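# Coordinate inspection notes
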Amino acid sequence: MRLCVLGAGAVGRSVAELAPEYGHEVTALADSSSAVVDPDGVDVEAALARKDAGEALGGGEPGDALASEYDVLVEATPTTLGDAEPGFSHLRTALERDNHVVLANKGPVAERYADVRALEADSAGEVYFEATVGGAIPVCATVDDLGAEHVSAVRGVLNGTANFVLSRMAAEGLDYDHVLAEAQDLGVAEADPSFDVEGTDAALKCVILANVLREADCDSLDELREVEVTLADADVEGIRDIPGSALELAAEDGRTVRLVGEATRDGVSVGPRLVPENGTLSVTGTRNIVEIDHEYAGGLAISGRGAGGEETASAVLADVARLE
Amino acid sequence: MPSEPTPAPDEQPVASEEAPETDGGHETELQAHTIRLELVDEPGQLLAALKPIADNGANLLSIFHERGSLTPRGRIPVEVDIECPPDRFEGLLEDLRDRGVNVIQADAEEYGDEVTVVLVGHLVDTDLSDTLKKIQDCSGASVADIDLSAPAGAGSSAHSSARLRLRAHAGETARVVETVRKVAAEKDIDVIAPLEGSR
């Protein structure tokens, strides 16, 4: 497959670097300021070396990549909320040209799920978005394999930063600010961690899953439009106000606190929850876990790395493989 | 169904270990119950708490008055074993509550489920005992125990935490948690509750 990779952050560059190993060719790579396009295959290493040196990826304008010839658009630009632009327009352009789209950007499927499916219905291209939920963990594929119509709930720890903070607070008896500063030093938390610690990131992932579950009950796009979920519909609470004393009290009772997101047909909720200290959901550090409730299979859990360039790229490339 | 409580309630002796007969002696219909109460440490409180038991034609089998220990709210725990006709029990509990007696627990069957929550906020400054009372009154659950951690003390801007173990009627924990959230929200208190449905 010929890949056009938009976004040269941790995920975009890992996809570009790993693509040959998976038997694909990167024919275009762009970030927000420039692009490199080569129908015979982009020299990814050279392009990224230029970027690392503070230069442009290549001589082209960012739009040149999207306009080039490719089979699959890998949309790995930063997630945006509301109208999900410019990611949504990138997806539209690719689908209108009957190309496939693999999303790492959560915006289009969290904020405009029905719009995405409508464009896909009019296109010969398909849309996959495994990388938007749970990094390397195959959540969407598992739900799909099990039959989303038989899945009643998907819940889990879906934000590594928040989980790192909570598990460190519990283990070391430290307060939030202290652990957050440590997480920032380690590169686990960003300078502005609000997206993670306020629960927005986990909520977006759960919104996407709720859309997948609700879609399974819909017979038409109109029905899907009626029931689609966006971030605004989610009930979201973060971990900022949790004092160390709450974790201590939980521990005395054999429990701990995790930022747990849950997607059901009823909606989406994200917030700090009491979970058994040695229970399925009490993963530690940046690890993520997803629990799926299935009508016949019962409960299933998959744990793994929920973030990281190569980890997320593995999910993107698994989606590309589904398109072959 | 018994006809009338026989003696005038005021003259009914409350402790009657050897007299399992009451209300005309429908012994086969009697059911044993254990009720845990909380009393304010004032004279006459115990008698006041036992009166509804007599009024409802129940038989007092035993009473355990833990005068030495205090509940988290600084009250005295009392455990009474009674026997009464099945249809009288709810009325008896209602009478107790009407008299301001705090019923902590009324049989394992009555409060078949438990749920633990952690409250986070300005718990002391927002009158924790009032919060607990509202939680009990609104949810129908009883607070089995509470652990408070307020490292910074009252008046501090730092948040304190409390772990509450609530006894709820069987199958009602989700509703209880929802009520706790509502009561807590009025005081800007966050509730960390367990996840329903997770294994």
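Whatever comes next refers back to the structure up there.
## Looking at the pairing of strand 12 (residues 298-305) of chain A
Residue and element names in this part refer to chain A. Of the pairings in the sheet, the one linking strand 11 (residues 287-294) to strand 12 comprises 8 bridges and is antiparallel in character. Bridged to Ile292 within strand 12 is Leu300. Counting the residues between successive antiparallel strands, the hairpin from strand 11 to strand 12 contains 3 residues.

## A few points about the sheet that holds strand 4 (residues 72-75) of chain A
Read across the sheet, 6 strands follow the order 3-2-1-4-5-6 (chain A) without closing on themselves; strand pairing throughout is mixed. Either end of the sheet is taken by a strand with one partner, and the two such strands are strand 3 (35-37) and strand 6 (127-128) of chain A.

## With respect to the interface of chain B and chain A
Often, the extent of an interface is quoted as the loss of accessible area on bringing the components together. Opposite the 22 residues of chain B that make contact, chain A presents 23 residues. Where chain B abuts chain A, roughly 1,800 Å² becomes buried across the two surfaces, and 55% of that area is made up of carbon and sulfur atoms. Counting the contacts that link chain B with chain A gives 2 salt bridges. The residue B:Arg163 makes a salt bridge to A:Glu252 at a minimum N-O spacing of 3.5 Å. For the interface between chain B and chain A, the tally reads 6 residue pairs in polar contact (both at pLDDT 80 or more). Within the residue set of the side of chain B that touches chain A, elements represented by two or more residues are strand 5 (113-121), strand 6 (142-149), strand 7 (160-168) and strand 8 (190-194) of chain B. Residues that form the side of chain B that touches chain A fall into these classes: 9 nonpolar, 7 polar and 6 charged. In this structure, strand 10 (residues 267-276) of chain A lies alongside strand 8 of chain B, joined through 2 bridges in parallel fashion. The residue of strand 8 of chain B that forms the bridge with A:Arg273 is B:Ala193.

## Notes on the packing of helix 3 (residues 128-139) of chain B against helix 4 (residues 173-186) of chain B
In a packed pair of helices, the relevant descriptors are the angle between the two axes and the axis-to-axis distance. Residue and element names in this part refer to chain B. Running from N to C, helix 3 and helix 4 point in directions that differ by 140 degrees, and their axes come no closer than 9 Å. As far as their axial angle goes, helix 4 and helix 3 are oblique. Seen along the crossing, helix 3 lies across helix 4 with a hand that is right-handed. From helix 3, Thr131, Lys134, Ile135, Cys138 and Ser139 reach across to helix 4, where they touch Arg175, Val176, Thr179, Val180 and Val183.

## Brief notes about a negative patch on the surface
All names here are of chain A. A contiguous patch of negative charge on the surface is contributed by Glu17, Glu21, Asp43, Glu45 and Glu310. Structurally, Glu21 can be placed in the loop between helix 1 (10-18) and strand 2 (25-30). By relative accessible area, which is 68% here, Glu21 ends up exposed.

## Some details on the sheet that holds strand 1 (residues 31-39) of chain B
Residues and elements named next belong to chain B. As summarised here, the arrangement of the 4 strands in space is 2-3-1-4, forming an open sheet in which the pairing is antiparallel. Unpaired on one side and paired on the other, strand 2 (59-65) and strand 4 (102-106) mark the two borders of the sheet. Neighbouring strand axes in the sheet, compared pairwise and without regard to direction, differ in orientation by 25 degrees on average. Bridge count for strand 2 against strand 3 (residues 76-84) is 6 bridges, and the pairing is antiparallel. Paired with Leu60 across the bridge in strand 3 is Ile82.

## Quick word on the packing of aromatic side chains
Residue and element names in this part refer to chain A. Across all of its chains, the model carries 1 aromatic pair over all chains by this definition. Consider the rings of Tyr113 and Phe129, whose centres lie 6.0 Å apart with planes at 85 degrees: the pair is edge-to-face. One end of the pair, Tyr113, is in helix 6 (residues 113-121); the other, Phe129, is in the loop between strand 6 and helix 7 (139-146), and 16 residues separate them in sequence. What makes Tyr113 buried here is its relative accessible area of 0%. Residue Phe129 is classed as buried on the basis of its relative accessible area, which comes to 7%. Stacked on the ring of Phe88, the Lys or Arg Arg112 has its end atom at 3.6 Å from the ring centre.

Rules used throughout
Residues numbered from 1 in each chain as written. Chains lettered and ligands numbered in written order. Predicted model: local features only at pLDDT ≥ 70, side-chain atom pairs only at ≥ 80, totals over all residues. Heavy atoms only, no water. Pairing = 2+ DSSP bridges. Helix = DSSP H or I, 4+ residues; strand = E, 2+ residues; numbered from the N terminus. Contact = heavy atoms within 4.5 Å. Buried area = accessible area lost by both parts, 1.4 Å probe. Salt bridge = Lys/Arg side-chain N within 4 Å of Asp/Glu carboxyl O. Polar contact = N/O pair within 3.5 Å; in protein donor to acceptor, adjacent residues only side chain to side chain. Nonpolar A, V, L, I, M, F, W, Y, C, P; charged D, E, K, R; others polar. Axes fitted to C-alpha atoms, helices over the stretch in contact; angles between N-to-C directions. Parallel < 35°, antiparallel > 145°, perpendicular 65-115°, else oblique. Left-handed = near helix turned anticlockwise from the far one by under 90°. Patch = residues over 30% accessible without salt bridge, like charges linked within 9 Å, V, L, I, M, F, W, Y side chains within 5 Å. Areas by Shrake-Rupley, 256 points an atom, 1.4 Å probe, with all protein chains shown as cover. Lys, Arg positive; Asp, Glu negative; His and termini not counted. Charge placed at Lys NZ, Arg CZ, Asp CG, Glu CD. Buried < 20%, exposed > 50% of the residue type's maximum accessible area, 1.4 Å probe, protein only. Phe/Tyr/Trp six-rings, centres within 6.5 Å; stacked < 30°, edge-to-face > 60°. Lys NZ or Arg CZ within 6 Å of the ring centre and 35° of its normal.

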